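# Survey of secondary and tertiary structure
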Amino acid sequence: MTAPTLAPFAEPVVADLRAELRAWFVRELPTGWGTAAYNAPNDEDAELVFLRAWQRKLYDAGWAGITWPTEYGGRGASLLHQAVFVEERDRAKAPLDVGIVGTQMVGPMLIRHGSPEQKERYLRRILTGEDLWCQGFSEPGSGSDLASLRTRAVPAGDDGWLLSGQKVWTSRAHQADLMILLARTESVPGAPHRGISAFVVPMDTPGLTVRAIRQVNGSHDFCEVFLDDAFVPADAVVGDVGRGWTIAISTLSFERFATTRAFEMRNLVTELEGYLDGRAGDELARHICDAHAAGLSYQRMVARMAVRGEIGVDASVGKLFSTELGQRIVATAMATGGDDVVSAPVTTWRGGELSWSLEFVNSLKNTIAAGTSQIQRNIIGERVLGLPREEGPRS
Amino acid sequence: VSISLTAEQDEFVSALRAAFAKASPIEAVLSAAEEPCTRSDANSWAVAVAMGVPELGALADGTLLDLALAVEEAAYAVLPGTVLAHGLAVRLAGRCSEAPFVADLTSGRRRASICVERQHTMLSARRSGDGWVLAGSLSFVLEGHTADLLLVRADGPDGPLVLALTDLGDAVQPVDTFDPSRGWARVGLDAVTVPDSAVLATGDVAARALDTTLVEGAVLVAFDAAGSSRRTLDDAIEYARQREQFGRPIGSFQAVKHLLVDAHVAVDELQAASRYAAWAVDVDASDVGFAVHAAKALAGQIHPSVAATAVQVLGGIGFTRELPAHLHVKRAQVDDRMFGSAAEHRRGVLATFGEVRDSWSAAAGAHDKGN
């Protein structure tokens, strides 16, 4: 066999892109970024201003919406390019998208399922950072079992819908401009996945109120959202009425893809190497091997997706493995570290500088957010390995 | 940088899987495993020859990745170690001299094996007349009893030598090992004399070729581990779909399902790391040392664990010799003793981490605009 080896991430065009990105991050990140010398914004509002400006910078440079069509402000490039961007972003410890719900989940979902008017109205403003989105999916009684959701949408004549119910764990709802909301438009006994619809809801809609929840990591960007006969017009529905579950699944698969932390783990384990300074070598080597494999597995998944043209259930593998690896890496730091790892309060905004205490508490979040590790295992078991569903009561 | 296969490689892998399964169905594997020292794998070797596998070791037109994919498929079929041993031997021969027998090896007319790891080669050679006199033995030679030719390392007067040994007769004795899916031989070579033509390489050429072979051997065993892990996991998944308890397939229970998923994720990581390592060797990538250590370290960690998970999911029947799960459990332990253990390669990972550190994490202060 003399077949050449296809290694898409080794192509010269990818090397050029990588070099361009590496130089761009050095040029554009603030002086002192990633070190204690960085003069970080000192409150949440200032942080938001910085992050929105950063998003605008990404947009102007063509790094926002890398896979999005150019007509909506994207770069029109492949998933490989997006993956290289993520790899270099994480290498530089650059900020994650402030509007990750918009840029990584709602945007790709709208490109797929939105009406031409919706695409025109929303997509570009996501990339520029003008509109921040939040995701109104989970409810107090509907977490992992999302299809049991009870927020209701009742027709208000022919003009629109009245929304009533409660959403929870709605990240950045207090800062968002728009929400993608799942509500029940019909109750179909025995088929909870049917009769759900997806709505675009402006956060200043009368009848919608937001209450922030204080989190373990010191932040309070997790929110509750209350809907009390909040009116949205008929064209707020994304896709077909009653077919919102498809929208939800699509959005969630984009979320799993976006929350794969393979390259963050490379970064984190490199920090751990420096921190351990020769201690716990065998344990460190195990984490290094896992971070190496996680990055390769992610690239392999992206290469498969680029061929297939869509994100599949294999995104769960990367999400599951990398978030659990994060816990193992941090556990080593906490177990071998001195008093320094617990002697400072957890602060959320550090401008790329590492804090083991913050990594520690956030590592607990990462295996819950975007679908718990246990739900990812069910998805992989049933949809990748073909194992049967566990029978049980359905609400 | 990642590794995805070309369409041609994908087709080759699928064709090999089908051909090996046909030539050596699992019933045949199980009965052969009862007589590991004397069994023949003539059927599967004939298929490998027909599929062009022996040529994959030729340095001129075969990549390590192509050979390694064949090794992975051989392990998936729970075949003996012939494909691995032969391929590695052909690559070593190609690095030494224009050995007259190489054409016979690449055509598959003759089979070769290899013994180059220091702990298995207590062998020295000294000049005597026009030839050499050997002293010592080879303790574990993979499929040595079916090989026509052995490529071995020996300590010569001025450093290591690469020797090609043939017609060894009774000197080759099967060894009863823990690993019934493969054959192992011990070769006693005290006072054996060989002609000068048996010496394929000396000096720096020999030393370099042997070092390279240790690296390539580690990669190939990582693929053996990936193939064996994937096979025993596939068997366990299939069983969990069919086997019912409490009126339901056991694979529907999350306690069982999640065990299998964790094993699947691990095998996915191992496969990605091993393919990358083979590619890195082929293109002499700047992180090749790290990549090989990481692949073999992962192999030694994941293979035994996945093999044990499969036994656990199979339950009682998994602890019998009616199913092949035990073959993988044992193969995993022996694989970890070939070309360096996981613990040794983890030390290598730490020693070579500098090859990747900068591409993983920008140094602190890297954004200070050069001031």
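Here, the structure is the one placed above.
Residues numbered from 1 in each chain as written. Chains lettered and ligands numbered in written order. Predicted model: local features only at pLDDT ≥ 70, side-chain atom pairs only at ≥ 80, totals over all residues. Heavy atoms only, no water.

All right, on to the overall build of chain B then. Across its full length, chain B holds twelve helices and eleven strands. Taken against the 2.2 N^0.38 rule, which gives 21 Å for 371 residues, the C-alpha radius of gyration of chain B at 22 Å falls within 12% of a compact globule. By its C-alpha atoms, chain B is 75 × 70 × 35 Å across when sized along the principal axes. Burial analysis of chain B (371 residues in total) assigns 62% to the buried set. When contacts within chain B are restricted to residue pairs at least 6 apart in sequence, those whose partners lie at least 24 apart make up 77%. Roughly 14,000 Å² of accessible area belongs to chain B as shown, and the carbon and sulfur atoms make up 52% of that amount. Of the side chains in chain B, 31 bear a positive and 47 a negative charge, and the two mean positions are spaced by 4 Å. (Helix = DSSP H or I, 4+ residues; strand = E, 2+ residues; numbered from the N terminus. Rg over C-alpha atoms; globule rule 2.2 N^0.38 Å. Buried < 20%, exposed > 50% of the residue type's maximum accessible area, 1.4 Å probe, protein only. Contact = heavy atoms within 4.5 Å. Areas by Shrake-Rupley, 256 points an atom, 1.4 Å probe, with all protein chains shown as cover. Lys, Arg positive; Asp, Glu negative; His and termini not counted. Charge placed at Lys NZ, Arg CZ, Asp CG, Glu CD.)

We now examine helix H8 (residues 281–308) of chain A. Residue and element names in this part refer to chain A. With 28 residues, H8 should reach 40 Å at 1.5 Å per residue; the first-to-last C-alpha distance of 40 Å fits that figure. Along H8, 20 of the 28 residues are buried, which leaves the element largely enclosed by surrounding structure. Positive phi appears at Gly309, one or two residues downstream of H8, with a value of about 85°. (Expected span 1.5 Å × (residues − 1).)

Taken together, the contact between chain B and chain A spans 60 residues of the former and 63 residues of the latter. In total, about 5,600 Å² of surface goes out of reach between chain B and chain A, with carbon and sulfur atoms giving 59% of it. Put simply, chain B and chain A have seven salt bridges between them. Of the charged contacts, one joins Asp262 of chain B and Arg377 of chain A as a salt bridge, the two residues approaching to 2.7 Å between their closest N and O atoms. The interface formed by chain B and chain A contains 19 residue pairs in polar contact (both at pLDDT 80 or more). When residues in the side of chain B that touches chain A are grouped by element, the largest group, 16 residues, is from helix H8 (residues 254–283) of chain B. Here the side of chain B that touches chain A is composed, by residue class, of 29 nonpolar, 16 polar and 15 charged. (Buried area = accessible area lost by both parts, 1.4 Å probe. Salt bridge = Lys/Arg side-chain N within 4 Å of Asp/Glu carboxyl O. Polar contact = N/O pair within 3.5 Å; in protein donor to acceptor, adjacent residues only side chain to side chain. Nonpolar A, V, L, I, M, F, W, Y, C, P; charged D, E, K, R; others polar.)

The biggest cluster of nonpolar side chains holds 192 residues, and the ones touching the most others in it are Trp133 of chain A together with Leu260 of chain B. The element contributing the most residues to this core is H8 of chain B, with 16 residues. For Trp133 of chain A, the contacting residues outside a window of four places in its chain are Val101, Gly102, Val106, Leu110, Tyr122, Ile126, Ala176, Leu178, Met179, Ile180 and Val200 of chain A. Residues Trp132, Leu161, Leu165 and Val194 of chain B belong to the second largest nonpolar core, which totals 23 residues. (Core = buried A, V, L, I, M, F, W, Y, C linked by side-chain atoms within 4.5 Å.)

To continue, consider the pairing of strand E3 (residues 131–142) of chain B. All names here are of chain B. With respect to burial, E3 is a largely interior element, ten of its twelve residues being buried. Inspection of the sheet shows strand E2 (residues 121–128) paired to E3 by eight bridges, in the antiparallel sense. Bridge assignment links Thr121 to a residue of E3, and that residue is Leu138. Counting the residues in the hairpin turn of E2 and E3 gives two residues, including Gly129, whose phi is positive at 60°. In this structure, E3 lies alongside strand E8 (residues 193–195), joined through three bridges in antiparallel fashion. Pairing of Val133 across the sheet is with Thr193, part of E8. Of the strand pairs in this sheet, E3 and strand E7 (residues 184–188) are connected by four bridges, and their pairing is antiparallel. Within the sheet, the bridge partner assigned to Leu138 lies in E7 and is Val187. (Pairing = 2+ DSSP bridges.)

Turning our eyes to something else, we now look at the pairing of strand E2 (residues 152–156) of chain A. On a regular strand, each side chain points to the face opposite its neighbour's, so the side chains alternate between the two faces of the sheet. Residues and elements named next belong to chain A. In terms of strand pairing, E2 meets strand E3 (residues 160–168) through five bridges, oriented antiparallel. In the strand pairing of E3, Ala153 is matched with Leu163. Once E2 ends, the chain turns through three residues before running back antiparallel as E3, passing Gly157 with a positive phi of about 65°.

So, about the state of the cysteines. Disulfides are covalent bonds that connect the sulfur atoms of two cysteines. What the rule picks out here adds up to zero disulfides over all chains. Of the cysteine sulfurs around Cys96 of chain B, a residue in no disulfide, the closest is that of Cys115 of chain B, at 15 Å. (Disulfide = S-S within 2.5 Å.)

All names here are of chain A. Taken as a whole and judged by the stated rule, the model has 45 salt bridges over all chains. Close ionic contact of Arg377 with Glu324 constitutes a salt bridge, the shortest N to O distance being 2.7 Å. Of this pair, Arg377 sits in helix H11 (residues 373–384) while Glu324 sits in helix H9 (residues 315–336), and the two are 53 residues apart along the sequence. You can call Arg377 buried: its relative accessible area is 8%.

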